[in-house]
Each structure stands twice: as structure tokens, then as C-alpha cells.
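# A look at the structure
Okay, here's what each chain looks like letter by letter:
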Amino acid sequence: KMDIVFVVDDSGSMGEEQANLAANFPKFVSVLDQTRAGNGNPIDYRVAVTTTGRSYKLLGPFGIPDDVKGDDGAFRNNCGGAKRWLDKSEASQSFACRAQVGTGGPSEEMPLECMRLSLTERVADGTNAGFVRDDALLAVVFLTDEDDCSFQAKTLNEGFGDLCEGNGAEAPEAYVLTLDQIKGDRGRWATAVIAGKTQCQSSFGSAAEAKRLGRFVTATGKNAVFSSI
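Now for a description of the structure that goes with this document. (Residues numbered from 1 in each chain as written. Predicted model: local features only at pLDDT ≥ 70, side-chain atom pairs only at ≥ 80, totals over all residues. Heavy atoms only, no water.)

### Quick notes on unusual backbone geometry
The phi dihedral of Asp-72 is positive, around 55 degrees, even though this residue is not glycine. Structurally, the position occupied by Asp-72 is in the loop between strand 4 (65-68) and strand 5 (86-87). (Helix = DSSP H or I, 4+ residues; strand = E, 2+ residues; numbered from the N terminus.)

Quick look at the structure:
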């Protein structure tokens, strides 16, 4: 069994990347459908999609708060359906639609924090309850053209993106320990980061170097891969 979470950047720069992701989702599903477990049987998988957006209050130069709204780790059900994830029988028809999460999310991307929220607080409050199975492997796939800027603080000062390497930002390595705790063992989960390995540009636009996500991959070790967006 495998439970797969996609954390997709829904900020304003991601329109082309999301379209490309949706176009390639059928290939991803096809690979999953052809994969066999050690006993030769097909794997039993489910897929969920959330975004990089977390809610917070942003204080401007005059102390006037701006309420920024994000999904806070809630799995998207933007294409209808009985629940917030897709089982194997539903993936081929509905997965590409779920990938189109829009580009109206917060401009400061928090993929690691939103991943944590999706598997902890959104499970505890019932939003994503039932997705993670004790006897399944867990896979988390991140897709973004920016670096991670994960905070747990509820109120942030304007320009806080410059502080992502400290001063309140959560250490990327801490999220590795979070996943260890959720699954009980490093061998029970894996991750793939699709982001800027370096600052880069292509026909799909430009991407910043994802240094913090690179640290997360390094801390995870052999169960992580880092591919260029």
C-alpha cells in the first residue's frame, strides 16, 4: 500500500507548471498502475493534493494587518468527489483535474509546513482524517518554483521572506523528524522535491534556487530525490 501526497505551489507564478503537471499526471498514474509489490500483486495506492499556502496575518509598514489565506494543509476536493483523496480506481480520470489548484495562493510558499499540517493538524481536526494508513508507505511530492519559507508563527512582518534562513523560520531538518514520527521509521516514507536545484529558466518560466528544500532532501538521505522543475 502507498499513500501519496502532492504539495503543489498555488502562487501566481505557477500557471504553466501546473498545466504541465496536469498533462503528465496520466503518465504518473500509468506507472503506479504497472508497479508490482514484492509478492507480484499491484500496489494499492491513494493520492491527495494540497498546496503551499498557509494562513497568517501580515503586518505592513504602518502595522495594519492583512489576512493572508491558504489551504493550511487541507487536501483539495476542487473537482468534486466523495472525499478529499483519490483511490486507485479514481486516479486515472480525476487526478489531472486535482492538479489544477489555481494561482491565487499566498506569495510566500510554505511547502514543508503545509505538508506537516496536512498530516498532523488536518488529520486531528478531521479534515484529512482516514488518509494515512498505518500499513502503507507514505510518499510526499513537492512541486514549486520558489524555495520553502516555512513559519509556524501566526503573525509576520512585511518582508519576512528575507528571514527564511532564520529568525523564526522552521529548520528544514525538523520536518524530516516529523515524517519519522508519523510513520515510525525512516524506511516507511520517501519524498521527491521538484523545484529549482539552481536558479533556472525555461519555456515554463523561471525558478529560484530551492536551498531549504535541498537541505530537507539531504537530511532525508537515500529516501529522497531532488529534480529540477
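### Description of the sheet that holds strand 5
Read from one edge of the open sheet, six strands run 5-2-1-6-8-11, paired in mixed fashion. Since the sheet does not close on itself, it has two edges, and those belong to strand 5 and strand 11 (224-228), each with one partner. Inspection of the sheet shows strand 2 (residues 45-51) paired to strand 5 by two bridges, in the antiparallel sense. Looking at the pairing, Val-47 lines up with Leu-86 of strand 5. Sheet strands in contact with helix 1 (residues 15-34) are strand 1 (2-8), strand 2 and strand 6 (137-143), and its direction is about 170 degrees off that of strand 1. Where helix 5 (residues 172-183) meets the sheet, its contacts fall on strand 6 and strand 8 (189-195), and the angle it forms with strand 8 comes to roughly 145 degrees. (Pairing = 2+ DSSP bridges. Contact = heavy atoms within 4.5 Å. Axes fitted to C-alpha atoms, helices over the stretch in contact; angles between N-to-C directions.)

### Focus on the nonpolar core
Counting 24 residues, the largest nonpolar core has Met-115, Phe-142, Leu-179, Val-193 and Phe-216 as its most contacted members. Within the residue set of this core, elements represented by two or more residues are strand 1, helix 3 (111-119), strand 6, helix 5, strand 8, helix 6 (211-220) and strand 11. Setting aside residues up to four positions removed in sequence, Phe-216 forms contacts with Leu-112, Phe-142, Pro-172, Tyr-175, Val-176, Leu-179, Trp-189, Thr-191 and Val-193. Membership of the second largest hydrophobic core comes to 22 residues, among which are Ile-4, Tyr-45, Val-101 and Ala-192. (Core = buried A, V, L, I, M, F, W, Y, C linked by side-chain atoms within 4.5 Å. Buried < 20%, exposed > 50% of the residue type's maximum accessible area, 1.4 Å probe, protein only.)

Functional significance is not addressed by these values, which are geometric in nature.
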